[in-house]
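Remarks on the overall topology
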Amino acid sequence: MNYRHAFHAGNFADVHKHVVLVRIIERLCEKPTPFRVIDTHAGAGLYSLRAPEAERTGEWREGIGRLLEHRFAQDSDRLLAPYRDAVARFNPAGRLAVYPGSPLLCRALLRPQDRLIACELEPTAAAALARNLGRHRRAKAIAIDGWTALRAYIPPPERRGLVLVDPPYEQPDEFTRIADRLARAHRKWPTGIFLGWYPIKDRAGPELVASRLAEAGVPKILRSELSIASSAPERLQGSGLVIVNPPWRLADDLATVLPAIAAALGRGDGRSARLDWIRGEG
Ligand code: SAM
């Protein structure tokens, strides 16, 4: 395990993933019944944007840096506000100094009745996650293999909620694995919401995820992809998400906000936002 999210925290892929994550949690919060979020590959939770890792790549400047500078139209602005406000809460001085990862963003949005389980296997990141999440009645950090967690912790007692699966793609079979494990998890918890992230370098990996999930019979799968044509061509060019059982009206939210994000973060012809149904509504 060599991957360290500190180099990439707050980049355009994090913005994409976290905007969708926050929109899903906002939709879950519309009903008073409790829900649980399970973050299978949680990372360290909080990242300094002044640290050598962030300074070296500067990726956050093309992500959260640009998003916060941009003036969005009113409808997108309203949908982005909960994400922006959550990031702002970690930066009380008003200047962007740190970026919250998925577990801390989730924790910031939970209500007293909701729960979070955040899993991380790499020992240094797991220790940082435990520190950053702190002792909290609603949120628990667990040093466990995320793929094991995906089997062991579902369905949760609340029977309502979301699983984020965000592996580092260090293994060549990670596209196959995420599709197969999501399909298996869906069979165990058919009403759960699952959000799986994948990188886009060419179409082979993303198409494999879509076709395997569809062939496994998962009935409702929404796909969201964002490309920004980075100023540094060696960097990741696209970020992809599959959303199994998206909450009602999430597709409408994303149809509004994702093209606006692509326009805000992207450059020239290479920027694009795609939203389509792999299976189900549409
Ligand atoms: N989800 C985080 C966020 O959005 O802020 C970022 C996670 S990062 C892309 C992937 C993380 O998975 C890394 O911190 C890595 O150490 C961790 N990891 C790698 N293999 C793992 C495994 N088998 N189980 C759990 N975590 C793992």
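Structure first, text after, so check above.
All values derive from a computational prediction rather than experimental measurement.

The next subject is the overall build of the protein. From N to C terminus, the protein includes 10 helices and 10 strands. Taking 282 residues into account, the globule formula puts the C-alpha radius of gyration at 19 Å, and the protein, at 17 Å, falls close to it. Across the 282 residues in the protein, those meeting the buried criterion constitute 56%. The long-range fraction of contacts in the protein, counting pairs at least 24 apart against all pairs at least 6 apart in sequence, stands at 77%. Seen as two clouds, the 42 positive and the 32 negative side-chain charges of the protein have centres 6 Å apart.

In this section: the nonpolar core. Among the nonpolar cores identified, the biggest contains 86 residues, and Tyr83 and Ile261 are the most heavily contacted of them. Once residues within four sequence positions are removed from consideration, Ile261 is found in contact with Val15, Val19, Leu67, Phe72, Leu80, Leu226 and Gly266.

This part covers the packing of aromatic side chains. Within the structure shown, the criterion is met by 3 aromatic pairs. With 5.0 Å between their ring centres and 50° between their planes, Tyr169 and Phe175 make a pair best called tilted. Tyr169 gets classed as buried once you look at its relative accessible area, which sits at 14%. Classification of Phe175 by relative accessible area gives buried; the value is 18%. Between Lys17 and the ring centre of Trp197, over which it is positioned, the NZ or CZ distance is 5.7 Å.

It is worth spelling out the pattern of salt bridges at this point. Applying the stated criterion across every chain, the model contains 18 salt bridges. A salt bridge links Glu55 to Arg61; the nearest nitrogen and oxygen atoms lie 3.9 Å apart. Measuring nitrogen to oxygen at the nearest pair gives 2.9 Å for the salt bridge that ties Arg203 to Glu225. Of this pair, Arg203 sits in the loop between strand E7 (193-200) and helix H9 (204-215) while Glu225 sits in strand E8 (residues 221-227); the two residues are 22 residues apart in sequence, bridging distant segments of the chain. Judged by its relative accessible area of 5%, Glu225 is buried.

Moving on to the site of the ligand. The local shell around the ligand holds 19 residues, among which His18, Glu120, Asp145, Gly146 and Asp166 are the closest. His18 places a side-chain nitrogen or oxygen 2.8 Å from an oxygen atom of the ligand. Protein contact buries 95% of the 600 Å² of open area that the ligand shows by itself. Partitioning the shell around the ligand into residue classes produces 6 nonpolar, 8 polar and 5 charged.

Right, let's get into unusual backbone geometry. The omega torsion of the bond from Ile154 to Pro155 falls at -5°, within 30 degrees of zero and hence cis. Within the secondary structure, Pro155 is located in the loop between helix H7 (146-152) and strand E6 (161-165). Phi at Arg159 is positive, roughly 60°, even though this residue is not glycine. Taking the relative accessible area as the measure of exposure, Arg159 reaches 56% and is therefore exposed. Phi is positive for Asn245, close to 55°, though the residue is something other than glycine. For Asn245, the location among the structural elements is in the loop between strand E9 (238-244) and helix H10 (250-265). On the accessibility criterion, Asn245 (15% relative accessible area) is buried.

So, about the packing of helix H4 (residues 74-89) against H10. Axis separation between H4 and H10 bottoms out at 9 Å; the angle between their running directions is 100°. Considering their axes alone, H4 and H10 lie roughly perpendicular with respect to each other. For the pair H4 and H10, contact is made by Asp75, Ser76, Leu79 and Leu80 and by Asp253, Thr256, Val257, Ala260 and Ile261, respectively. For the contact of H4 with H10, a count of residues per class yields 5 nonpolar, 2 polar and 2 charged.

Here we come to the pairing of E7. Counting buried residues in E7 gives 8 out of 8 residues, a clear majority hidden from the surface. Alternating residues of E7 divide into Ile193, Leu195, Trp197 and Pro199 and Phe194, Gly196, Tyr198 and Ile200, and every residue in both groups is buried. Pairing analysis gives 4 bridges linking E6 to E7, with the strands arranged parallel. Residue pairing for E7: Leu162 is matched across the bridge by Ile193. With helix H8 (residues 174-188) bridging E6 and its parallel neighbour E7, the resulting β-α-β unit is right-handed. Pairing geometry for E7 and E9, over 7 bridges, is antiparallel. Across the sheet, the residue bridging to Phe194 is Val244, located in E9.

Parameters and conventions
Residues numbered from 1 in each chain as written. Predicted model: local features only at pLDDT ≥ 70, side-chain atom pairs only at ≥ 80, totals over all residues. Heavy atoms only, no water. Helix = DSSP H or I, 4+ residues; strand = E, 2+ residues; numbered from the N terminus. Rg over C-alpha atoms; globule rule 2.2 N^0.38 Å. Buried < 20%, exposed > 50% of the residue type's maximum accessible area, 1.4 Å probe, protein only. Contact = heavy atoms within 4.5 Å. Lys, Arg positive; Asp, Glu negative; His and termini not counted. Charge placed at Lys NZ, Arg CZ, Asp CG, Glu CD. Core = buried A, V, L, I, M, F, W, Y, C linked by side-chain atoms within 4.5 Å. Phe/Tyr/Trp six-rings, centres within 6.5 Å; stacked < 30°, edge-to-face > 60°. Lys NZ or Arg CZ within 6 Å of the ring centre and 35° of its normal. Salt bridge = Lys/Arg side-chain N within 4 Å of Asp/Glu carboxyl O. Near = heavy atom within 4 Å. Polar contact = N/O pair within 3.5 Å; in protein donor to acceptor, adjacent residues only side chain to side chain. Areas by Shrake-Rupley, 256 points an atom, 1.4 Å probe, with all protein chains shown as cover. Nonpolar A, V, L, I, M, F, W, Y, C, P; charged D, E, K, R; others polar. Axes fitted to C-alpha atoms, helices over the stretch in contact; angles between N-to-C directions. Parallel < 35°, antiparallel > 145°, perpendicular 65-115°, else oblique. Pairing = 2+ DSSP bridges. Right-handed = clockwise from strand over helix to strand, strands pointing away.

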